Amino acid sequence: MDNQLPPRKAPNFCSIRYGLALFLQFSNVVIISQRACINLTMIAMVNSTEPHGLSNTSTKELQDNIKNPVYNWSPEIQGIILSSIFYGVLIAQIPAGYLSGIYSIKKMTGFALFFSSLFTLLIPLAAEFGEIWVIVCRILQGLFQGIAFTTQQVIWVKWAPPLEQGRLTTLSISGLLLGPCVVMLLTGFISDSLGWPMVFYIFGACGCALTLFWFILFYEDPNDHPCISISEKEYITSSLAHQDRSSTSSLPIKAMLKSLPLWVISLCNFAMFWTNSILSLYTPMFINYKFHVNVRENGLLSSLPNLFAWIFSILAGHMSDTLQSRNIFSLLTIRKLFTSLGLLLPALFSLCLLYPSSSFYSIIIFLILASASGSFALGGILINALDIAPRYYGFLKGVTNLVGMTGALISTTLTGMILSQENLEAEK
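Counting of residues starts from 1 at the beginning of each chain's written sequence and follows it residue by residue. Where local features are concerned, this predicted model is filtered to residues with pLDDT of at least 70; where side-chain atom pairs are given and counted, the filter is 80 or more; whole-chain, interface and lining totals use all residues. Calculated side-chain values reflect all of the structure's heavy atoms, with hydrogen atoms and water omitted.

K.L.:
Outline the nonpolar core, supporting the account with residue identities and numerical values.
P.N.:
Met 42, Trp 73, Ile 155, Trp 156 and Leu 396 are the most contacted members of the largest nonpolar core, which totals 89 residues. Other than its neighbours up to four places away in sequence, Ile 155 contacts Leu 20, Leu 24, Ile 105, Trp 214 and Phe 218. Throughout, nonpolar core names a set of buried Ala, Val, Leu, Ile, Met, Phe, Trp, Tyr and Cys residues whose side chains join them through atoms within 4.5 Å. In this scheme, a residue with accessible area under 20% of its type's maximum is buried, one over 50% is exposed, and one in between is partly exposed, where area comes from a 1.4 Å probe on protein chains only. Core analysis: the second largest hydrophobic core is formed by 11 residues, Val 293, Ile 363, Ile 364 and Leu 367 among them. We call two residues contacting when some pair of their heavy atoms lies within 4.5 Å.

K.L.:
Now, about the packing of aromatic side chains: what can you tell me, with residues and values included?
P.N.:
Aromatic pairs are defined between Phe, Tyr and Trp rings, using the six-membered ring for Trp, whenever the two ring centres lie within 6.5 Å; interplanar angles under 30 degrees are classed as stacked, those over 60 as edge-to-face, and all others as tilted. Inspection of every chain in the model, using the stated rule, returns 14 aromatic pairs. Between Tyr 71 and Trp 196 the ring centres are 6.2 Å apart and the planes differ by 70 degrees, which places this aromatic pair in the edge-to-face class. Of this pair, Tyr 71 sits in the loop between helix 1 (16–45) and helix 2 (75–99) while Trp 196 is found in the loop between helix 7 (175–193) and helix 8 (197–217), placing the two residues 125 residues apart along the sequence. For Tyr 71, a relative accessible area of 12% puts it in the buried group. Given a relative accessible area of 0%, Trp 196 falls into the buried group. Here the aromatic cluster, defined as three or more aromatic residues joined through ring pairs, consists of Tyr 71, Trp 73, Trp 196 and Phe 200. A positively charged side chain is recorded as over a ring if its NZ (Lys) or CZ (Arg) lies within 6 Å of the ring centre. The angle to the ring normal must also be within 35 degrees. Sitting over the ring of Tyr 219, Lys 106 keeps its end group 5.3 Å from the ring centre. Counting from the N terminus, the helices are the DSSP runs of H or I reaching at least four residues and the strands are the DSSP runs of E reaching at least two.

K.L.:
Lay out a nonpolar patch on the surface in plain terms, naming residues and giving numbers.
P.N.:
Patch construction takes residues with relative accessible area above 30% that form no salt bridge. Like charges are linked within 9 Å, and nonpolar side chains (Val, Leu, Ile, Met, Phe, Trp, Tyr) are linked within 5 Å. Reported accessibility uses the Shrake-Rupley method at a 1.4 Å probe radius. Residues are deemed covered only where the shown protein chains occlude them. Here, a salt bridge means any Lys or Arg side-chain nitrogen found within 4 Å of an Asp or Glu carboxyl oxygen. Taken together, the side chains of Phe 114, Leu 118, Leu 122, Leu 125, Phe 129, Ile 132, Trp 133 and Val 136 make up a nonpolar region of the molecular surface, amounting to roughly 750 Å² of accessible area. When residues of the nonpolar patch are traced back to their parent elements, those giving at least two are helix 3 (105–129) and helix 4 (131–153). In terms of residue count, helix 3 provides more of the nonpolar patch than any other element does, 5 residues in total. Structurally, Val 136 is set in helix 4. Residue Val 136 is classed as partly exposed on the basis of its relative accessible area, which comes to 33%.

K.L.:
Before we move on, could you go through the pattern of salt bridges and cite the residues and values that matter?
P.N.:
Applying the stated rule across the entire model yields 4 salt bridges. Where Glu 232 meets Arg 17, a salt bridge forms, and the shortest distance between an N and an O atom there is 3.2 Å. Linking Glu 232 in helix 9 (residues 230–239) with Arg 17 in helix 1, this pair joins segments that are 215 residues apart in sequence. Of the charged contacts in the structure, one is a salt bridge between Arg 167 and Asp 321, with a shortest N-O distance of 3.1 Å. Here Asp 321 lies in helix 12 (residues 295–325) and Arg 167 lies in helix 6 (residues 165–173), a separation of 154 residues in the sequence. Take Asp 321: its relative accessible area is 1%, and that puts it in the buried class. One network of salt bridges, in which partners are shared, links Arg 17, Glu 164 and Glu 232.

K.L.:
Account for helix 7, naming residues and giving values.
P.N.:
Multiplying one less than the number of residues by 1.5 Å gives the expected span of a helix. The terminal C-alpha atoms of helix 7, which comprises 19 residues, lie 26 Å apart, in line with the 27 Å expected from a rise of 1.5 Å per residue. Along helix 7, the positions that sit buried rather than exposed are Gly 175, Leu 178, Gly 179, Pro 180, Cys 181, Val 183, Met 184, Thr 187, Gly 188, Ile 190 and Ser 191. Immediately beyond the C-terminal end of helix 7, within one or two residues, lies Gly 195, with a positive phi of roughly 100 degrees.

K.L.:
Can you explain the confidence of the model for the protein chain? Please cite residues and give values.
P.N.:
The predicted model of the protein chain has a mean per-residue pLDDT of 82, with 87% of residues at 70 or higher. Within a predicted model, pLDDT stands for the predictor's per-residue confidence, ranging from 0 to 100. Mean pLDDT in the protein chain bottoms out at helix 16 (residues 393–427), which sits at 77, and peaks at helix 3, which reaches 93. Ignoring residues within four places in sequence, the model shows residues 1–7, a span with pLDDT below 50, making 16 contacts including any to other chains.

K.L.:
Quick one: what's the story with the environment of Ser 172, residue by residue and with numbers?
P.N.:
Among the structural elements, Ser 172 can be located in helix 6. Residue Ser 172 is classed as buried on the basis of its relative accessible area, which comes to 2%. Ser 172 sits 20 residues away from Gln 152 along the chain, and the two C-alpha atoms are 9.3 Å apart. With residues near it in sequence (within four places) discarded, Ser 172 still touches Ala 21, Leu 24, Gln 25, Asn 28 and Trp 156. In the analysis that follows, any N or O atom pair within 3.5 Å is treated as a polar contact, provided that within protein one partner can donate a hydrogen and the other can accept it, and provided that, for residues neighboring in sequence, both atoms belong to side chains. Side-chain polar atoms of Ser 172 contact the backbone oxygen of Thr 169, separated by 2.8 Å.

K.L.:
So what's going on with unusual backbone geometry? Which residues, and what values?
P.N.:
With a phi angle near 55 degrees, Asn 327 is a residue other than glycine that sits in the positive phi range. Examined against the element boundaries, Asn 327 turns out to sit in the loop between helix 12 and helix 13 (331–351). Residue Asn 327 is classed as exposed on the basis of its relative accessible area, which comes to 66%.

Below is the structure:
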């Protein structure tokens, strides 16, 4: 792909394309908050989240049962509830990727955000009817979140100049990392003061409001935006003029199956989602098990790894674009470098958590490093499909996300089963 800089460059700040990236970042914050809030509320929703049957010290002894209903869910059931959202995400990936090249991105992303918010609002009611209904809500929630995650990335095929793909995509995707930080900070305070059901009501309502703004403010093509400057429009269109983005009636499935780069991207997605999902879903439970803190303190501690992961993700995007624009490394080397850092470093720092002599501060530091270093992958495999086939970017993102989410589903479910087995052995 030709990556020469166009003669004229529109300013980065106060531009429509960067405003779009920030809007998508906020959208992802809300979406991932709807997904991740249950990671912390689970501590208040059940009698015990600790694998060895210790008393739950994260809820007040005299808590109002109407304000904070408590359910008798085993660690295995908790693991299924936490991971069930990935079933919906898995189902959505390839259909959403394929349909994003046919139907309106604006409508697909907007309605997906709305229905994700709707099922978030229904989770407290579903919990009253039993864990099965919570799992159903989570699956449907994941279905629409999977559509939103896949379709929104196709936006950059028309909006991101080649030398800004790294920073624009990572700026928008970084909302997936900032979201857990926000939800961990707010969920503890909301759950402690208003009760855990209000967490779902607040984040669900925010998503519904955001849907309205999405339909009003977003335009799929720079040429159709009424507020974009002439210089920015010319910069974007001239940058992408060489790039074949025309639609096609058929997909080159055989060529894709024989593509070694696509297989590598898919397998690396599997490895990245495997590690990151365990860290994201089980960090609150790990902190609760290790330090026996209350929900508010747990939220503060659990938010730190996500905060640093968000900062590192934005830095990774800027670093990858800088290395490319200055011709310090080739594009292939840049993607390999950031992918290697994003896969190897989290695994290394996660192993450091196994040392039995680890102190409070060392555990928190290793959790931060494990989450933050994984953000380097945003400058590697997460946007790599846009380099190799921009015309089929939506479908390729669906395929690679499907493989990645499979790793997330297996890892989180397996973790819940291991914790449940440890609980049974401890009771013998």
